[in-house]
2 protein chains.
Amino acid sequence: MRASFYQGNHQFSIEETEVSSPGHGEVQIEVAYCGVCGTDVHIFHGMMDQRVSIPATIGHEMSGTIVQIGAGVEGFQVGEKVVVRPLDDRGEQPSDKGFSHICKDLKFIGIDSPGAMQQRWNVPAFTLHTIPPETDLKLAALVEPLAVACHDVRLSELMPDELAVVLGGGPIGMLVALVARQRGAQVVISEVNPKRILLAQELGFDTVNPAEEDLVEAINIRSQGRLADVVFEVAGVQATVDVMTDIAGIRGRIVMVAIHGQPKAVNLFQFFWKELKLIGARVYEREDYESAIQLISQNTLPFDALITRVRPLTEIQEVFEEIDQQPDGMKVLLDCQQ
Amino acid sequence: MRASFYQGNHQFSIEETEVSSPGHGEVQIEVAYCGVCGTDVHIFHGMMDQRVSIPATIGHEMSGTIVQIGAGVEGFQVGEKVVVRPLDDRGEQPSDKGFSHICKDLKFIGIDSPGAMQQRWNVPAFTLHTIPPETDLKLAALVEPLAVACHDVRLSELMPDELAVVLGGGPIGMLVALVARQRGAQVVISEVNPKRILLAQELGFDTVNPAEEDLVEAINIRSQGRLADVVFEVAGVQATVDVMTDIAGIRGRIVMVAIHGQPKAVNLFQFFWKELKLIGARVYEREDYESAIQLISQNTLPFDALITRVRPLTEIQEVFEEIDQQPDGMKVLLDCQQ
């Protein structure tokens, strides 16, 4: 079979390898598609060389079909379409209080262990979610990032008719916006990149470019002075951290989706004054995966528009280089059988 | 009658004034005791000269007895003991979403309008809470700060047996600790001032001095690795903002009680990583006042120990100067009839 390997130093290789049988408790998947995540790009940039085991097969935003079932696995059948929830939570401890998805010893499959950017993939059966047979496997590769969005929106406790502002219109921001709108919220996307603004508008979203327009005033007008009920901070820069507390109204909830590598200056006075909440949100729980699978299989949201292109796995090196050159695209999928 | 007036420039005066009758919708209170709040000290320091109308009678942590009832007031009787919830929320708008206690046009009685540091005080009847006749009026002057603590603990959603860490053992921190313990939590107070540490220990609290001991390790040991379920940030300095995210465990809630005049560096990565919540909390709602009144009238908590001294209103100038010289005391009450 064919597999890709991150070799360090901005290089992927494609190699023919032996297919190993699934171990006890494992299932073998024929991987259909695997999306490229920001984390994968981070790995490509050498930012996570301490964490991945080079040579490393990475990738976790995938869809596929079960082709072999290991010993001790029940409840799955060859031929079933599946997606993997890439969280290995077998190290969970009582001190994790039952929040297995963020347990202290969590291993992320596709980073801490081999991922999906290969033709066949053996994974623990407990990571599988079956998807309806009629599901488009291209769209199903969006389940993982969509589950992130479902988790973010769920933790925000967003209610119908509330005003949600999404700071940052990248892939996760756009998915958060789609889920928030589907839940009945009024959604505004704040984004500075012209291509992303255009896409957001094509998807029917109200947009504000904070480089050209005062975002606080824009939100004030749209909410008749109430300001935002919910803010999703997806951009991860000081400017969005500065504005997040300004655009949130009384008892507003700010969901921290972005990964801030360094501490940032936060206007804590506003938290006190308006009784704001900041809600950290990371990955997803089982129910978020089920919500995402339902949305993808219903296919009533414009997920297609988020797939920028589909490329053969054999071209993985060019794909990552192109993403570096054109960082304003949305999702690029690798066709792992090509 | 006798009234005190803040005159600016670190000066109070005591003057004999005419007693005016309560207006429509107002009640006249014979003020028994009025505690000195940190905000009052702030006013004394000239930090709020833009906001108060000099000469200003300040004070809002009070207890008293109804002596006269204005036109249009129902449901109150002369002789009833009362406390005032000093929030004038008559400017509430729909954009405040029903959170009248923090509405945009909130006027704080005792800052934005005359306060309780006088013998007789006319206040709108809607600010009154009656208290049981047997209640000690000295203790009742603690209802206002205790209501702050009840609000903080309520918003934290603290559950019995959870571990709560209070960062800062001043008057509010100590009241938060008392309420949290009364709700069944395990409470640790982090404080650097030796006098306050001693008082906390006398009240039976587990204390950590973070200047002498690693607070994170101390909390880690006490929680068997779970870390804090709830953190109350009551100190308002960068050091406590730094440590608040370190001592909070998975899905920990951090209540922002302190007033941070300037933005502070916050470890937002920890919010993401551990799915922490930051909960802003300001003043109180009606139910917090009722909780505080119940606690004070039951008198089963060591509130007496928090009253550092009681001094005549006529000595207000000396009282404020003493607080400046000995900032590690707890509550000083003014006897407003003396």
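Structural data are supplied above this passage.
Report follows, based on the coordinates. Within each chain, residue numbers correspond to sequence positions counted from 1 in written order. Lettering of chains starts at A and numbering of ligands starts at 1, both following the order in which they are written. Owing to the predicted nature of the model, reporting of local features is limited to residues with pLDDT of at least 70; listing and counting of side-chain atom pairs is limited to 80 or more, with chain, interface and lining totals taken over all residues. The side-chain values count all of the structure's non-hydrogen atoms but skip hydrogen atoms and water molecules.

**With respect to the packing of aromatic side chains**
Item 1. Two rings belonging to Phe, Tyr or Trp (six-membered ring only in the last case) form a pair when the distance between their centres is within 6.5 Å. Interplanar angles under 30 degrees mark stacking, angles over 60 mark edge-to-face geometry, and anything in between is tilted. A full pass over the atoms with the stated rule returns 16 aromatic pairs over all chains.
Item 2. Here Phe269 of chain B and Phe272 of chain B contribute two aromatic rings whose centre-to-centre distance is 5.9 Å and whose plane-to-plane angle is 50 degrees, an arrangement assigned as tilted. One end of the pair, Phe269 of chain B, and the other, Phe272 of chain B, are both in helix α8 (residues 268-273), three residues apart, so they sit about a helical turn from each other.
Item 3. The buried label goes to any residue with under 20% of its type's maximum accessible area, the exposed label to any with over 50%, and the partly exposed label to all in between, with areas taken from a 1.4 Å probe on protein chains only. Since its relative accessible area comes to 10%, Phe272 of chain B is described here as buried.
Item 4. A connected cluster of aromatic rings, assembled from ring pairs, spans Tyr6, Phe12, Phe44 and Phe320 of chain A.
Item 5. Here the basic side chain of Arg282 of chain A rests over the ring of Trp273 of chain B, its NZ or CZ set 3.5 Å away from the ring centre.
Item 6. Taking NZ or CZ as reference, Arg181 of chain B lies 3.9 Å from the ring centre of Phe205 of chain B, over its face. To qualify as a helix, a DSSP run of H or I must reach at least 4 residues; to qualify as a strand, a run of E must reach at least 2; elements of each kind are numbered from the N terminus. Remark: a charge is flagged as sitting over a ring if the NZ atom of Lys or the CZ atom of Arg is within 6 Å of the ring centre and within 35 degrees of the ring normal.

**Here we look at helix α6 (residues 215-222) of chain A**
Residue and element names in this part refer to chain A.
Item 1. Along α6, the residues that are buried comprise Leu215, Ala218 and Ile219. For α6, the buried positions fall inside an angular range of 95 degrees around the axis, keeping them on one side.
Item 2. Of the surrounding secondary structure, the elements contacted by the buried residues of α6 are β10 (163-167), β11 (186-190), β12 (206-208), β13 (228-233) and α7 (238-247).
Item 3. Directly after α6, the chain includes Gln224, whose backbone phi takes a positive value near 50 degrees. What the arc covers is the set of directions going from the helix axis to the C-beta atoms. We call two residues in contact whenever any of their non-hydrogen atoms come within 4.5 Å of each other.

**Notes on the sheet that holds β11 of chain A**
Pairing between the strands of a sheet is mediated by backbone hydrogen bonds and can be parallel or antiparallel.
Item 1. Pairing within the open sheet is mixed, and its 12 strands lie in the order β12(A)-β11(A)-β10(A)-β13(A)-β14(A)-β16(A)-β16(B)-β14(B)-β13(B)-β10(B)-β11(B)-β12(B). The outermost strands of the open sheet, each flanked by one partner alone, are β12 of chain A together with β12 (206-208) of chain B. Each adjacent strand pair in this sheet contributes to an overall mean axis angle of 20 degrees, direction not counted.
Item 2. At least two DSSP bridges between two strands are required for those strands to pair. In this structure, strand β13 (residues 228-233) of chain B lies alongside strand β14 (residues 248-256) of chain B, joined through five bridges in parallel fashion. Across the sheet, the residue bridging to Val231 of chain B is Ile254 of chain B, located in β14 of chain B.
Item 3. For every element, the axis is a line fit to its C-alpha atoms; helices are fit only across the contacting stretch, and the angle between N-to-C directions ranges from 0 to 180 degrees. Each of β10 (163-167), β11 (186-190) and β13 of chain B is contacted by helix α4 (residues 171-182) of chain B, which is oriented at about 165 degrees to β11 of chain B, the strand it contacts most.
Item 4. Most of the contacts of helix α7 (residues 238-247) of chain B go to β14 of chain B, to which it runs at about 145 degrees, and overall it touches β10, β13, β14 and β16 (277-280) of chain B.

**Let's talk about the relation of the copies chain A and chain B**
Item 1. Mapping chain A onto chain B is achieved by rotating through 180 degrees and translating by 0.0 Å along the same axis, at an RMSD of 0.0 Å. What we have between these two chains is a two-fold relation. Among all residues of chain A, the one whose C-alpha sits closest to the rotation axis is Ala265 of chain A, at a distance of 2.1 Å. Only residues with pLDDT of at least 70 in both copies count here: their C-alpha atoms drive the least-squares fit that superposes the copies.

**So, the packing of helix α3 (residues 143-156) of chain A against helix α4 (residues 171-182) of chain A**
Residue and element names in this part refer to chain A.
Item 1. It is the contact of α3 with α4, at a shortest axis distance of 8 Å, that shows an interaxial angle of 55 degrees. With respect to their mutual orientation, α3 and α4 come out oblique. In this structure, α3 meets α4 at a crossing whose hand is right-handed. Counting all contacts with α3, which are made through Pro145, Leu146, Val148, Ala149, Cys150, Asp152 and Val153, the residues of α4 involved are Ile172, Leu175, Val176, Val179 and Ala180. With respect to orientation, any angle under 35 degrees is reported as roughly parallel, any angle over 145 as roughly antiparallel, any angle of 65 to 115 as roughly perpendicular, and every other angle as oblique. Crossing handedness follows the turn of the near helix against the far one: under a right angle anticlockwise gives a left-handed crossing, and clockwise gives a right-handed one.

**Things to note about the interface of chain A and chain B**
Item 1. Facing 42 residues of chain A, the contacting portion of chain B comprises 42 residues.
Item 2. Taken together, the two surfaces of chain A and chain B that pack against each other cover about 3,900 Å², and 64% of this comes from carbon and sulfur.
Item 3. Defined in terms of a 1.4 Å probe, buried area is the accessible area two parts forfeit on being brought together, summed over both. The three residues of chain A that bury the most area against chain B are Ile250, Leu268 and Phe272 of chain A, which together make up 19% of that side's buried surface.
Item 4. By convention in these notes, a salt bridge is any Lys or Arg side-chain nitrogen within 4 Å of a carboxyl oxygen on Asp or Glu. Counting every contact that joins chain A to chain B gives four salt bridges.
Item 5. Between Glu285 of chain A and Arg251 of chain B there is a salt bridge, with its nearest N and O atoms 3.1 Å apart.
Item 6. Distance and chemistry together define a polar contact, namely a pair of N or O atoms within 3.5 Å, with one atom able to donate a hydrogen and the other to accept it when in protein, and with adjacent residues in sequence counting only for side-chain atoms on both sides. Inspection of the chain A/chain B interface yields 21 residue pairs in polar contact (both at pLDDT 80 or more).
Item 7. Sorting the residues of the side of chain A that touches chain B by element identifies α3, β14 (248-256), β15 (264-266), α8 (268-273) and β16 (277-280) of chain A as the ones contributing at least two each.
Item 8. Among the residues making up the side of chain A that touches chain B, the classes are represented as 22 nonpolar, eight polar and 12 charged.
Item 9. Here three bridges tie β16 of chain A to β16 of chain B, and the two strands are oriented antiparallel to one another. Its bridge partner lying in β16 of chain B, Leu278 of chain A is registered against Leu278 of chain B. Under the scheme applied, nonpolar residues are Ala, Val, Leu, Ile, Met, Phe, Trp, Tyr, Cys and Pro; charged residues are Asp, Glu, Lys and Arg; polar residues are all the others, including Gly.

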